Amino acid sequence: MTMPPAQSAPLLSLIIPMFNAGSDFTVCMQALLAQTLSDMEIIIVDDGSTDGSGERADAYAQQHHHVRVVHQANGGVSRARNAGLAVARGKYVSFPDADDTMDPAMYQTLVEMAERDNLDVAQCNAEWFFKASQQVKPLIPRDRLTSTGVLSGSEWLNKALQTRRYMHVVWLGIYRRELIEQLQLYFEPGLHHQDIPWTTELMLNAKRVRYTDKIFYRYHMHDASISNRKRTGQRNVEYQRHYLKIARLLEEINVRYRDKVKIYPSFHAQITHEALSVCHCIRREPEESARLAMIEDLFATQTHKRMLRNARGLRQWYQLLLWLSRIYRWRKK
């Protein structure tokens, strides 16, 4: 680990998991080093890179006192984020991806929001950048959601989910580190899209949250990313098990907090929404054996009952009944 000189704790710790980030890492670091917020540290967690990214990270740490590097054997993004949290000193933390970029004013704006209103979470809008076409698309269009005042975490999550565009991603804001430590809220190793249960549980504990509709973060969409990688056969079967587990974890979170905060209908609908994504993948899977395996997984995990318990609204009920009728029919063939 490359350590900075002894200094007082910064306002913000940026934790960047990195594995073979290639040339995109340089662009990301340029955006991070251009931030107008000076009171922050950048923690790069090199997750066993083999393309020279780790050495480039060390070079940045040697040139910039607020950059530090943690090297570890490859263990996935969750372990990398946990390793960064273990050494973070900031009042707030955030988790940008190593191949994305952001506006120079992003973190100063969010920290100023958090400090002014004593926030546990400050979030902003973002945009998708499609590398192949060079087109951009806002994450949450302003006609669906504008900037808010201070809300409780559950109120904000409900408002955000109702846009049908919000995504549970940790790079969208900054989070009070003390709250994360109090909850002992860490990322589950090996679980893809662990952002979903992590941000949900954090929001149900956050007392003060604000959102700005200004677009500060640019998420780079490319085929090599985990979420966009095309999978078929057994690899697809294994990948969809992550979504089945996430649906279970979300339901467990709702049960765990139902006597502490208001559990809005949108929180239930989110469970069915995540599970329905598996149904879509079953239809698109070209290998019959893999389709049947995914169907059996859905029933073995009782996800069909979980979707029925949590469906909300006429539109979602229609989608659910349509998909379940198809799956029952495919299962009997």
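Right above here is the structure, for reference.
All of these numbers come straight from a predicted model, not from anything done at the bench. (Residues numbered from 1 in each chain as written. Predicted model: local features only at pLDDT ≥ 70, side-chain atom pairs only at ≥ 80, totals over all residues. Heavy atoms only, no water.)

The sheet contact formed by strand β6 (residues 121–130) and strand β7 (residues 135–138) spans four bridges and is antiparallel. Counted as the bridge partner of Phe-130 is Gln-135 from β7. Linking β6 to β7, which pair antiparallel, is a turn of four residues; within it Gln-134 sits at a positive phi near 65°. (Pairing = 2+ DSSP bridges. Helix = DSSP H or I, 4+ residues; strand = E, 2+ residues; numbered from the N terminus.)

To continue, consider a nonpolar patch on the surface. A cluster of nonpolar side chains, contributed by Leu-308, Trp-317 and Leu-321, occupies part of the molecular surface with about 260 Å² of accessible area. Looking at the secondary structure, you find Leu-308 in helix α11 (residues 303–310). (Patch = residues over 30% accessible without salt bridge, like charges linked within 9 Å, V, L, I, M, F, W, Y side chains within 5 Å. Areas by Shrake-Rupley, 256 points an atom, 1.4 Å probe, with all protein chains shown as cover. Salt bridge = Lys/Arg side-chain N within 4 Å of Asp/Glu carboxyl O.)

Our focus in this paragraph is helix α9 (residues 265–284). The end-to-end C-alpha distance of α9, which contains 20 residues, comes to 29 Å, matching closely the 28 Å that a straight helix rising 1.5 Å per residue would cover. For α9, the tally of buried residues reaches 14 of 20 residues, placing the bulk of the element in the interior. (Expected span 1.5 Å × (residues − 1). Buried < 20%, exposed > 50% of the residue type's maximum accessible area, 1.4 Å probe, protein only.)

Turning our attention to the pairing of strand β9 (residues 209–221). Taking burial as the measure, the 13 residues of β9 include 10 buried ones, the bulk of the element. By the bridge criterion, 10 bridges tie β6 to β9 in an arrangement that is parallel. By the bridge assignment for β9, Ala-122 is matched with Arg-210.

Contact pair α9 / α11: the axes reach a minimum separation of 8 Å and the direction vectors enclose 140°. One element, α9, and the other, α11, form an angle in the oblique class. The hand of the α9/α11 crossing is left-handed. Side by side, α9 and α11 meet where His-268, Ala-269, Ile-271, Thr-272, Ala-275, Leu-276 and Cys-279 of the first sit next to Thr-303, Arg-306, Met-307 and Asn-310 of the second. Tallied by class, residues from the contact of α9 with α11 come to six nonpolar, four polar and one charged. (Axes fitted to C-alpha atoms, helices over the stretch in contact; angles between N-to-C directions. Parallel < 35°, antiparallel > 145°, perpendicular 65-115°, else oblique. Left-handed = near helix turned anticlockwise from the far one by under 90°. Contact = heavy atoms within 4.5 Å. Nonpolar A, V, L, I, M, F, W, Y, C, P; charged D, E, K, R; others polar.)

Take Arg-177: it is sitting in helix α6 (residues 177–183). Given the relative accessible area of 18%, Arg-177 is considered buried. At 3.4 Å, the side chain of Arg-177 forms a polar contact with the backbone oxygen of Ala-88. In terms of polar contacts, Arg-177 uses its side chain to reach the backbone carbonyl oxygen of Gly-90, at 2.6 Å. In this structure, Arg-177 is in contact with Ala-88, Arg-89, Gly-90, Lys-91, Tyr-92 and Val-93, ignoring residues within four places of it in sequence. (Polar contact = N/O pair within 3.5 Å; in protein donor to acceptor, adjacent residues only side chain to side chain.)

Attention now goes to the environment of Arg-235. Structurally, Arg-235 is set in helix α8 (residues 233–257). Between the C-alpha atoms of Arg-235 and Leu-145, which are 90 residues apart in sequence, the distance is 37 Å.

Right, let's get into the packing of helix α5 (residues 153–161) against α9. For the pair α5 and α9, the least separation of the axes is 9 Å and the interaxial angle reads 55°. Here α5 lies oblique to α9, going by the angle between them. Crossing of α5 over α9 shows left-handed handedness. Judged by residue contacts, Ser-154, Leu-157, Asn-158 and Leu-161 of α5 engage Ser-266, Phe-267 and Gln-270 from α9. In the contact of α5 with α9, the residues fall into three nonpolar, four polar and no charged.

This paragraph deals with unusual backbone geometry. Glycine aside, residues mostly have negative phi, and peptide bonds are mostly found in the trans state. Phi at Asn-20 is positive, roughly 45°, even though this residue is not glycine. Within the fold, Asn-20 resides in the loop between β1 (12–18) and α1 (23–33). At Arg-164, a residue that is not glycine, the phi angle is positive and equals roughly 65°. Structurally, Arg-164 is set in the loop between α5 and β8 (173–176). Taking the relative accessible area as the measure of exposure, Arg-164 reaches 60% and is therefore exposed.

One pass over the full model with this rule turns up zero disulfides. Cys-28 takes part in no disulfide bond, and the closest cysteine sulfur, belonging to Cys-124, lies 14 Å away. Classification of Cys-124 by relative accessible area gives buried; the value is 0%. (Disulfide = S-S within 2.5 Å.)

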